[in-house]
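In case you want the letters, here they are:
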Amino acid sequence: MLRAVSSIYIESQALAAARRDFFKSLRTTAYAGLSTNQTVLSEASNVKRAPVSTPRPSEPTPPPPPPLPPPRLGWVAAAAIAFTASVGGVYFLRKLNTGEEPSLLTEKKQTNQTETIQEIEESPIPASPESLPKKIDFLVVGAGTAAFAALRALRSLKPDASVLLVGDERALPYMRPPLTKELWREPDLAERIADPDTLIFSQWNGRKRRLAYEPSIFYTPTEQLREGEAGAGVARGWRVSALNVERHEATLTAGGSSTTIVFNKCLIATGSRSVRSEALRAARGAGLSLAARTARDVARLAERVRRAPAGRVVLLGGGAHACELAAALAHALQDSGKTVVQVYKEEWPLADQLPQYLAADVARRLRRLGVTLLPNTEVIDSSVSSDRVQLKLSRTGGEEGRALLDGVGGEVVKSEDSGLEATLVVECLGSEPNTEVAQAAGLEVHPELGGIVVNGEMQARTDVFAAGDVACYFEPALGRRRVERHDHAVASGRLAGTNMAAADPPRAYTHQPMLWSDISPDVGLEAIGVIDSRLPTVAVFSEDAVTDVTSSETEQADTKRAAVAAEASPAASPAPVTTSAAAETERNYERGVVFYLRDKRVVGVLLWNLFNRMHVARQVLKQGEFEDLFEVAKLFSLHEDD
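All residue numbers here refer to positions counted from 1 along the written sequence of the relevant chain. Residue-level local features of this predicted model are given only where pLDDT is at least 70; pairs of side-chain atoms are given and counted only at 80 or more, and the full residue set underlies all totals for whole chains, interfaces and linings. The basis for the side-chain values is all heavy atoms of the structure; hydrogens and waters are excluded.

Visitor: Which residues make up the packing of helix α4 (residues 145-157) against helix α13 (residues 486-501), and what values go with them?
Guide: Helix axes use the C-alpha atoms of the stretch in contact, all axes being lines fitted to C-alpha atoms, and the angles between their N-to-C directions lie in the range 0 to 180 degrees. Only DSSP runs of H or I with at least four residues qualify as helices, and only runs of E with at least two residues qualify as strands; both kinds are numbered from the N terminus onward. Two elements in contact, α4 and α13, have axes whose closest approach is 7 Å; the angle formed by their N-to-C orientations is 35 degrees. Crossing of α4 over α13 shows right-handed handedness. Across from T145, A146, A149, A150, A153, L154 and L157 in α4, the residues of α13 making contact are H486, A489, V490, G493, R494, G497, T498, M500 and A501. Residues were grouped as follows: Ala, Val, Leu, Ile, Met, Phe, Trp, Tyr, Cys and Pro as nonpolar; Asp, Glu, Lys and Arg as charged; and all remaining residues, including Gly, as polar. When the residues that make up the contact of α4 with α13 are grouped by side-chain class, the tally is 10 nonpolar, five polar and one charged. Each crossing is labelled by how the near helix is turned from the far one, with a counterclockwise turn of less than a right angle marking it left-handed and a clockwise turn marking it right-handed. By definition, residues are in contact when any of their heavy atoms lie within 4.5 Å.

So this is what it looks like as structure tokens:
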């Protein structure tokens, strides 16, 4: 995990105090020192609920000795100097904080408050190819989490080398998990996320974090890299349009400009992109159907949500990101006259990952948050009328989907195909890897898993590596895999960077990546290995953490046919909390562990509202086979509530 990702920001109170001190000292002397009070935020690793280091206050600057009063004629000159220095100080402190002049987005926002984010065309940074280096030691295609992890490893092992990250986003490298969770609890999100480089948000536990991994002053200007200096820079808003692995050349383009860079070694960390529905082509053309994968996506979405009239915000998808965003939007839209409707073609949310009884628990919790669920339903067409989207829906099967679809607001036509009106549509239908550059370069792409095929050292070809979502790697215990997990991006990017530096013999990728998801502050899960609901499972829950649900009017729409039994293998002891699959009782589950089995071997571990126990899950996965999983579950201290 990334450690001690420190960032600096200037508090407005300190700026005002510094400026007042500056004016006061100018009244008594022609020279004065300007000091600022800085607060240092130290960010811990991305493991959920990891401790964050205590902010370190800056040391106070001793006041200068009192000088002699200046002549009376110097007052006018002193006042002019004060004004100039004050304006210059504001500019200097802003530049220190952001590392750049106010962005075009900020200027547009100041001059035209009604202009929307998607209408603003931003220039790349640097704006001209003449500011990019012609030769680089390490080229990183992409500027996401895997790319940043590789950069940290390369700078640590090769401090005298030059590294260039090339990303098509204009933002600095940043964390993606908060985009569908905590960020939506921030006030004035539409304005604040317009500048993701300086955005600071609150985690579920109340601690503050910066969205960007590092401020802009951490990176080396590309002009200095062009002059042959060592360091790590970012070409923001640029993309690698062509890669020649034999000649070690890459073509970078932005707008109508292009340039060619020669590299010694290259890492492809292009990540993945959102899958979009063809049925929503009309809605997308009208700007009423958006994705939520990047900071810019969320900026557009937050602006559209704010400006949307009262009505339904329809969210498509039943995966983890869709559930997180549905819960976050429901919280953000409380008392706004806007409601959230989640449409997915599965029977339950998270149906591809969770056993049915836990998926049913997620559905109940989402409804309690105010989300209307439409399972067994998909959008087959769309049209736009004025500022609203008319969605044509089709039921994919199941009595649960039929009952809910027929009952949404009493306005859905009771037929095989139905319609639904929305003020805005959000597409969370999954993702696919960005492999176009790799394919054009002649690198092997896995036909089923869809990633760049790499060996154990994350190498795709001589001097060419791949990491993160786009890498398809081999794991001895689980076979060839491609996973989209933040932890995997960090670990694989770091290993790729280490092997690229070649300071030591190359190491194989043996890390087992974990994932986490926060549906709300009340539901959090962590998992490792293969989490597939099609596999047999053994679940063990603390008896005091399982409660029966009393039916209410709002929960009657929820199915009464939920399976709440843990599916156990013949060799395992039964879970302490089990019922018949046909039972009518509904239950809430607070703390427990689920083991996923393949040929009597544990290949996945899911921790339900259990935290700081991933080290135990890794050991269980490493050993694999056990005689009694009930005894194994005791290692997770199920009775201890975090």
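Moving on from the coordinates now.
Visitor: Account for the sheet that holds strand β26 (residues 479-481), naming residues and giving values.
Guide: Between any two strands, at least two bridges found by DSSP are needed for them to pair. Strand order in the open sheet formed by three strands is β22-β25-β26, with mixed pairing between adjacent strands. In this open sheet, the two strands that pair with only one neighbour each are β22 (452-453) and β26. Two elements, strand β25 (residues 471-475) and β26, share three bridges in a ladder whose sense is antiparallel. Across the sheet, the residue bridging to F474 is R480, located in β26.

Visitor: Explain the sheet that holds strand β28 (residues 523-529) to me, using residue names and the numbers behind them.
Guide: Pairing is antiparallel in the open sheet, where five strands are placed in the order β27-β28-β33-β32-β29. Looking at the sheet topology across the chains shown, the edges are occupied by β27 (514-520) and β29 (537-541). Across the sheet, the mean angle from the axis of one strand to that of its neighbour is 15 degrees, orientation sign disregarded. Strand direction decides the pairing type here: β27 and β28, joined by six bridges, are antiparallel. Within β28, the residue paired with W516 across the bridge is E526.

Visitor: With reference to specific residues and values, describe the pattern of salt bridges.
Guide: A carboxyl oxygen of Asp or Glu within 4 Å of a side-chain nitrogen of Lys or Arg is what we treat as a salt bridge. Summed over the entire model, instances satisfying the criterion amount to 26 salt bridges. Across the salt bridge formed by E303 and R307, the nearest N and O atoms sit 3.3 Å from each other. On the criterion of helical spacing, the pair formed by E303 and R307 is a turn pair, its members being four residues apart in helix α8 (residues 295-307). Throughout, exposure labels follow a simple rule: accessible area from a 1.4 Å probe, protein chains only, divided by the maximum for the residue type, with under 20% read as buried, over 50% as exposed, and the rest as partly exposed. For R307, a relative accessible area of 41% corresponds to the partly exposed category. Of the charged contacts, one joins R481 and E475 as a salt bridge, the two residues approaching to 3.3 Å between their closest N and O atoms. Pair check on accessibility: R481 and E475 agree, each one buried. Ionic contacts of the salt-bridge type, sharing partners, join the residues E191, E303, R306 and R307 into one network.

Visitor: Go over helix α14 (residues 614-623) with me, naming the residues and quoting the values.
Guide: Of the positions making up α14, those classed as buried are M614, V616, A617, V620 and L621. Along the axis of α14, the buried positions cluster into a sector of 150 degrees, meaning they face one direction only. The exposed set on the far side of α14, more than 90 degrees from its buried face, consists of H615, Q619, K622 and Q623. On the buried face of α14, the contacting elements are β27, β28, β32 (592-598), β33 (601-608) and α15 (629-633). Phi turns positive one or two residues past the end of α14, at G624, with a value near 90 degrees. Within this analysis, the arc is defined by the directions that extend from the helix axis to the C-beta atoms.

Visitor: Describe unusual backbone geometry, naming the residues involved and giving the relevant values.
Guide: Across the junction of I125 and P126, the peptide omega takes the value 0 degrees, indicating a cis bond. With respect to the helices and strands, P126 occurs in the loop between α3 (104-111) and β4 (135-141). The phi angle at M458 is positive, at roughly 65 degrees, despite the residue not being glycine. Secondary-structure assignment places M458 in the loop between β22 and β23 (459-461). Residues other than glycine seldom take positive phi values, yet S637 does so here, at roughly 50 degrees. Structurally, the position occupied by S637 is in the segment after α15.

Visitor: I'd like a description of the side chain of H488, backed by residues and values.
Guide: Within the secondary structure, H488 is located in helix α13. Judged by relative accessible area, H488 falls into the buried class, the value being 0%. Residues contacting H488, with those up to four places away along its chain left out, are G468, D469, Y473, V483, G493, Y509 and P513.

Visitor: Tell me about the confidence of the model for the chain, and please be specific about residues and values.
Guide: What pLDDT reports is the predictor's confidence in each residue, on a scale of 0 through 100. This prediction gives the chain a mean pLDDT of 79; 72% of its residues lie at or above 70. Below pLDDT 50 for its whole length, residues 1-120 participates in 154 contacts with residues either more than four positions away or in separate chains.

Visitor: Give a detailed account of the environment of V632, specifying residues and quantitative values.
Guide: When you line up the elements, V632 lands in helix α15. When neighbours within four sequence positions are excluded, V632 is seen to be in contact with F595, V620 and F626.

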